[in-house]
Amino acid sequence: MNRPVLLASGTGPYPHRDALSDLMAMAADTNGSAVTSLLLLKPAADAAELPGSGRTLGLLELLATLGAADLTAARVVEPHLDARAILAQAGELPAGHAGPPGGIDFASGTWGVYAAEAPGQELRAEEHDGAWQLSGRKPWCSLADQLDYAVVTAHTTPGNRRAFAVDLRHPGIELSGGTWVSRGLAAVDSSAVGFREVPAFPLGADNWYLQRDGFAWGGIGVAACWFGGAVALARRLFEASRQRTPDQIAHMLLGEADLSLQAAASVLASAASDIDDGRAGGGNGAVLAQRVRGVVASTVEKVLEAAAHGLGPGPLTSEEEHARRVADLQVYVRQHHAERDAAALGEMLLGRGAMPW
């Protein structure tokens, strides 16, 4: 059960797979605690490669392995690694930066990424004498009361957004509690946060955050976490089938789960190659991310169903780890927007003109 999730056979380009076993054990020991999961950030960052570095497969395997061990741990670690990649893409790593705002050290600390939008909530960025400040509200700010820094997107002018590095310990940050009632990822509080003239350091130009190749690559990293959670559920289903004589339905459920997982593993491994070989830039990267996330999200839903039908109510009502994993995965995969993301992919394909198959 507790072995790393590998996406391709052989040794591949990632020479540190043994480190995944240690990370997996550490993640499993967090037992759904977001605070304890923060202790994983440094060892995970030390083991992870940047996307596009030539070892993207290893990064996706690391995220999938964390997802298989504990989805709360994966949900905490993934944005920290994504922020690290964003800073590198903006030219702020590896040298770091000790200047404004508030003495942010880009090479250290715990990081989140807050880029979601919601009706009626807008975060505005204003420049005064060469310095930027953020004011307004930002939705879905996970663990804002636990992290040091965040990459935050804010509106500069109508229709334009820019990424900024922000010190979450600034007194202008106003935390609002009591709105996160989720049973899945229960420890990863993701509530709206108020900003009142909070100093901010710009990362890239207007709309760079959304237009950079790494935006699509980050979305693929999230899908790797979902995949890991699905693998863990399938492992539980397989284990149950070995504990008693399986009937034809049990065989069918295992077979269907395997078909879905194999398809998802293949698209993730192929995506890693496309990223490293320069085939996942611009529009190609956007299409790739939608395809990968769609395939993995579909796999997650099929494996959730197979586990529910094959295992019945027993593990859901008597096994803390399994029940938490199911609830966590159901919430986590909703970062995929289902039919709306499929429609967005269809629009992209038609907009490119050429027959895609």
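Our subject is the structure listed above.
Source: prediction; values computed, not measured.

**Student:** Is there a simple way to think about the packing of aromatic side chains in this case?
**Tutor:** The relative placement of two aromatic rings is captured by the distance of their centres and the angle of their planes. Using the criterion set out here, one finds four aromatic pairs in the structure. An angle of 55 degrees between the planes, with centres 5.4 Å apart, marks the rings of Trp 132 and Phe 164 as tilted. With Trp 132 in strand 3 (residues 131-142) and Phe 164 in strand 5 (residues 160-167), this residue pair connects regions lying 32 residues apart in the sequence. Given the relative accessible area of 0%, Phe 164 is considered buried. Both rings, one in Trp 140 and one in Trp 180, keep their centres 6.3 Å apart while their planes meet at 90 degrees; by these two values the pair is edge-to-face.

**Student:** In this structure, what is going on with the layout of surface pockets? I would like to understand it.
**Tutor:** A volume near 1400 Å³ is recorded for the largest pocket. Lining the largest pocket are 48 residues; nearest its centre among them are Phe 215, Val 222, Arg 293, Gln 335 and His 337. Mapped onto the lining of the largest pocket, the elements with two or more residues apiece are helix 5 (71-89), strand 1 (111-114), strand 3, helix 6 (208-211), helix 7 (213-243), helix 9 (282-311), helix 11 (320-332) and helix 12 (339-352). The biggest single contributor to the lining of the largest pocket is helix 7, with seven residues. When grouped by side-chain class, the residues that make up the lining of the largest pocket number 25 nonpolar, 13 polar and 10 charged. Looking at the second largest pocket, it is lined by 20 residues, and the ones nearest its centre are Arg 3, Val 231, Ala 234, Arg 235 and Leu 261. Every element with two or more residues in the lining of the second largest pocket is listed here: helix 7 and helix 8 (248-276). A per-element tally of the lining of the second largest pocket places helix 7 first, with eight residues. By residue class, the composition of the lining of the second largest pocket is 14 nonpolar, one polar and five charged.

**Student:** Mind showing me how you'd approach the pattern of salt bridges here?
**Tutor:** Oppositely charged side chains may form a pair once their charged atoms are brought near each other. Counted under the stated rule, the structure contains 15 salt bridges. Residue Arg 279 is joined to Asp 277 by a salt bridge in which the shortest nitrogen-to-oxygen separation is 3.3 Å. Residue class for Arg 279 comes out partly exposed when judged on its relative accessible area of 45%. Residue Arg 334 pairs with Glu 301 through a salt bridge whose shortest N-O separation is 3.2 Å. Highlighted residues: Arg 334 in the loop between helix 11 and helix 12 and Glu 301 in helix 9, separated in sequence by 33 residues.

What counts, and where the lines are drawn
- Residues numbered from 1 in each chain as written.
- Predicted model: local features only at pLDDT ≥ 70, side-chain atom pairs only at ≥ 80, totals over all residues.
- Heavy atoms only, no water.
- Phe/Tyr/Trp six-rings, centres within 6.5 Å; stacked < 30°, edge-to-face > 60°.
- Helix = DSSP H or I, 4+ residues; strand = E, 2+ residues; numbered from the N terminus.
- Buried < 20%, exposed > 50% of the residue type's maximum accessible area, 1.4 Å probe, protein only.
- 1 Å grid on protein atoms, 1.4 Å probe; cavity = no way out; pocket = protein on both sides within 12 Å on 5 of 7 lines; lining within 4 Å.
- Points joined across faces, edges and corners; volume = space filled by probe spheres on them.
- Nonpolar A, V, L, I, M, F, W, Y, C, P; charged D, E, K, R; others polar.
- Salt bridge = Lys/Arg side-chain N within 4 Å of Asp/Glu carboxyl O.

Shape is all these values report; function is a separate question.
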